[in-house]
Amino acid sequence: MSISSFLTKKFLKSLFFPAHNRGAALPKKLVKLLKNPPGYWDLPELPEIGSPLSQSGLIAKSQREFSDKFGAKGCFFGVNGASGLIQSAVIAMANPGENILMPRNVHISVIKICAMQNINPIFFDLEFSTLTGHYKPITKIWLENVFKKLNFDENKVAGVILVNPSYHGYAGDLEPLIDCCHQKNLPVLVDEAHGSYFLFCENLNLPKPALSSNADLVVNSLHKSLNGLTQTAVLWYKGNLINEYKLIKSINLLQTTSPSSLLLSSCEESIRDWLNKKSLSKYQKRILEAKSIYKKLIQKNIPLIETQDPLKIVVNTSKTGIDGFTADNFFYRNGLIAELPEMMTLTFCLGFGNQKDFLNLFEKLWKKLLLNSKKSKSLEVLRSPFKLVQAPEIEIGIAWRGKSRSIPFSKSLNKISGDIICPYPPGIPLLVPGEKIDMDRFNWINNQSLCNKDLVNFNIRVLET
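What counts, and where the lines are drawn
Residues numbered from 1 in each chain as written. Predicted model: local features only at pLDDT ≥ 70, side-chain atom pairs only at ≥ 80, totals over all residues. Heavy atoms only, no water. Helix = DSSP H or I, 4+ residues; strand = E, 2+ residues; numbered from the N terminus. Rg over C-alpha atoms; globule rule 2.2 N^0.38 Å. Buried < 20%, exposed > 50% of the residue type's maximum accessible area, 1.4 Å probe, protein only. Contact = heavy atoms within 4.5 Å. Areas by Shrake-Rupley, 256 points an atom, 1.4 Å probe, with all protein chains shown as cover. Pairing = 2+ DSSP bridges. Salt bridge = Lys/Arg side-chain N within 4 Å of Asp/Glu carboxyl O. Arc of directions from axis to C-beta. Polar contact = N/O pair within 3.5 Å; in protein donor to acceptor, adjacent residues only side chain to side chain. Axes fitted to C-alpha atoms, helices over the stretch in contact; angles between N-to-C directions. Parallel < 35°, antiparallel > 145°, perpendicular 65-115°, else oblique. Left-handed = near helix turned anticlockwise from the far one by under 90°. Nonpolar A, V, L, I, M, F, W, Y, C, P; charged D, E, K, R; others polar. Phe/Tyr/Trp six-rings, centres within 6.5 Å; stacked < 30°, edge-to-face > 60°. Lys NZ or Arg CZ within 6 Å of the ring centre and 35° of its normal. Disulfide = S-S within 2.5 Å. Patch = residues over 30% accessible without salt bridge, like charges linked within 9 Å, V, L, I, M, F, W, Y side chains within 5 Å. Right-handed = clockwise from strand over helix to strand, strands pointing away.

(A) Molecular detail of the overall build of the protein chain. Looking only at helices and strands, the protein chain features 14 helices and 16 strands. By the compact-globule yardstick of 23 Å for 465 residues, the protein chain fits well, its C-alpha radius of gyration being 22 Å. Referenced to the eigenvectors of the C-alpha coordinate spread, the extents of the protein chain come out at roughly 60 × 60 × 45 Å. Counting the 465 residues in the protein chain, one finds 57% classified as buried. Partitioning the intrachain contacts of the protein chain with sequence separation of at least 6 by distance along the chain shows that 71% fall at a separation of at least 24. For the protein chain, the exposed area adds up to about 21,200 Å²; of that, 50% sits on carbon and sulfur atoms.

(B) Broad picture of the sheet that holds strand 7 (residues 217–221). Across the sheet, which stays open at both edges, the 8 strands sit in the order 2-8-7-6-5-3-4-14 with mixed pairing between neighbours. Since the sheet does not close on itself, it has two edges, and those belong to strand 2 (74–78) and strand 14 (389–390), each with one partner. Note: strand 3 (residues 99–103) against strand 5 (residues 157–163), 3 bridges, orientation parallel. Across the sheet, I100 pairs through a bridge with G159, a residue of strand 5.

(C) The arrangement of the pattern of salt bridges in detail. Evaluation of the coordinates by the stated rule reveals 11 salt bridges. Close ionic contact of D357 with K13 constitutes a salt bridge, the shortest N to O distance being 2.6 Å. Placement of D357 in the loop between strand 13 (346–349) and helix 12 (358–372) and of K13 in strand 1 (residues 13–14) is noted, with a sequence separation of 344 residues between them. Judged by relative accessible area, D357 falls into the partly exposed class, the value being 43%. What makes K13 buried here is its relative accessible area of 10%. Overlapping salt bridges, with partners in common, bring together E65, E268 and R272 in one network.

(D) Main features of the sheet that holds strand 9 (residues 304–305). In space, the 4 strands of this open sheet follow the order 9-10-13-12, with antiparallel pairing throughout. If you trace the sheet from one side to the other, it starts and ends with strand 9 and strand 12 (340–341), each paired once. Inspection of the sheet shows strand 10 (residues 312–315) paired to strand 13 by 4 bridges, in the antiparallel sense. Note that in strand 13 the partner of V315 across the bridge is L346.

(E) Representation of helix 7 (residues 174–183). Listed as buried for helix 7 are L174, L177, I178, C180 and C181. For helix 7, the angular spread of the buried residues around the axis is 155°, confining them to a single face. If you follow the buried residues of helix 7, they end up packed against helix 6 (140–149), strand 5 and strand 6 (188–191). Structurally, the start of helix 7 carries an N-cap: the backbone nitrogen of E175 is 3.5 Å from a side-chain oxygen of D173.

(F) Just the packing of helix 6 against helix 7, in detail. Between helix 6 and helix 7, whose axes approach to 9 Å, the crossing angle comes to 25°. Considering their axes alone, helix 6 and helix 7 lie roughly parallel with respect to each other. In the crossing of helix 6 with helix 7, the sense of the turn from one axis to the other is right-handed. Residue-level inspection shows K140, L143, E144 and F147 of helix 6 in contact with helix 7, the latter providing P176, L177, C180 and C181. Within the contact of helix 6 with helix 7, the residues separate by chemical class into 6 nonpolar, no polar and 2 charged.

(G) Representation of the packing of aromatic side chains. Across all of its chains, the model carries 27 aromatic pairs by this definition. Look at F331 and F348: their rings are 5.5 Å apart centre to centre, the planes differ by 85°, and that puts the pair in the edge-to-face class. Taken together, the residues span a long stretch of sequence, with F331 in helix 11 (residues 324–333) and F348 in strand 13 at a distance of 17 residues. With respect to class, F331 is no different from F348; both count as buried. Through pairs of rings, three or more aromatic residues link up here, namely F70, Y197, F198, F200, W236, W274, Y283 and F352. The lysine or arginine in question, R104, covers the ring of F123, its NZ or CZ lying 4.1 Å from the ring centre. The cationic tip of R104 hangs over the ring face of F386; the distance from NZ or CZ to the ring centre is 3.9 Å.

(H) Expanded view of unusual backbone geometry. Cis rather than trans, the peptide bond between Y424 and P425 has omega equal to -10°. Among the structural elements, P425 can be located in the loop between strand 15 (404–408) and helix 14 (439–448). Geometrically, the link from P425 to P426 is a cis peptide bond, its omega value of 15° lying close to zero. Mapping P426 onto the fold places it in the loop between strand 15 and helix 14. Although it is not a glycine, N414 adopts a positive phi angle of roughly 70°. Assignment of secondary structure puts N414 in the loop between strand 15 and helix 14.

(I) Representation of the state of the cysteines. One pass over the full model with this rule turns up 0 disulfides. Left unpaired, C114 is separated from the closest cysteine sulfur, that of C422, by 14 Å. Residue C114 is classed as buried on the basis of its relative accessible area, which comes to 0%. C181 carries a free sulfur, and the closest cysteine sulfur to it, the one in C180, is 6.7 Å from it.

(J) Just a nonpolar patch on the surface, in detail. Taken together, M1, F6 and Y332 make up a surface patch of nonpolar side chains, about 370 Å² in accessible area. Looking at the element boundaries, Y332 is found in helix 11.

(K) Spotlight on the pairing of strand 3. Counted residue by residue, strand 3 has 5 buried out of 5 residues, so it is predominantly covered. Covered by surrounding structure in strand 3 are N99, L101 and P103 together with I100 and M102, the residues of both alternating faces. Where strand 3 lies against strand 4 (residues 120–124), 5 bridges are found, and the strand directions are parallel. Note on strand 4: the bridge partner recorded for N99 is N120. As a crossover connection, the stretch from strand 3 through helix 5 (residues 108–117) into strand 4 is right-handed.

Written out as structure tokens, the structure reads:
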């Protein structure tokens, strides 16, 4: 089967990204555009259109309009996903050789740009649930303890990265965290890839968006948590702790010289659509329906995990003795496609399409899964082996470029990693270049490999000593 043939394959129910549910919730103007002859809309950077970095043109006009609407200094559309804009934001925040403080659930794109630019990550651990295997949201007390542990005299920090909400939808109160950082004159980048729609729904008892919480830099994925096409994103900036000229240079460094006019149009329409009262009412109705689905599934004794994002249905499969990978395979074979399997859980993304039929379909397949799957009494996740504050033993840029050799992971104990171990999704590294594979880390990663095919009998590059 060719790629183009697979793209037309029909599934019984698609509960994965992008959140437009295979076109069901695409903005009407974008649907109309796509109905034109194929490629009709595939234009270069004509003067009338411009680019995300132009001072004039339709793109610049939209970016200014949206910035004014949400009280930002400015914003930039991106066509290389949230990853590309997160990387631009990191470069704008820190120079080569400087340190950035970041949580352990940071996205792999951050690690890659740190390696490329010789920026040093200082990781802080997060509170962890052994029942779910998930990190919990950061609290102000937790961050203050991190600051106490970190010696700012010895470790000059250029900025802080926060992830809110997480892939699963866990979100905390950002404003006090950002205030703590600002008191130390530290700019804050918030990876809000999974919470873009919070910006439009402050009346639905959802987490306060990062932009309203005074973050200096915010990156939203427009395909994960709005209704844009894949690869579309937006970066917002405000405050005085980020140099605007440096930010523009950073975006220009990673920006393609031929951005897709279709994707740029999707950036504009996916935001503008939510500013239309009629469309907004429809999407808010979908969010309320999602909350209702959650409540009804709970009433049917299906073991769900509560998060702050109603569009994420997170099933704690381990409560029934079934790991998330086995459950995912079962649902996939039966046409119900989830987003994220893990050892203890399986996450479905409802998106912005109509999901009224999900409830009965899921309940029917869930009962079938329970009847036809072997149960295990030993499902558990090991607590992560990280210290509260920890940096790689060797600078990440040096380790990334260092001379290395490939060996089976089973023989890597006490070696220094020259590699990133990062199952995707969710794209959160288990190990980064420069970190030592001590016994705790070795056992922890082996435990991750029990069901995850990405981590079974794999090789890793380690630095030659």
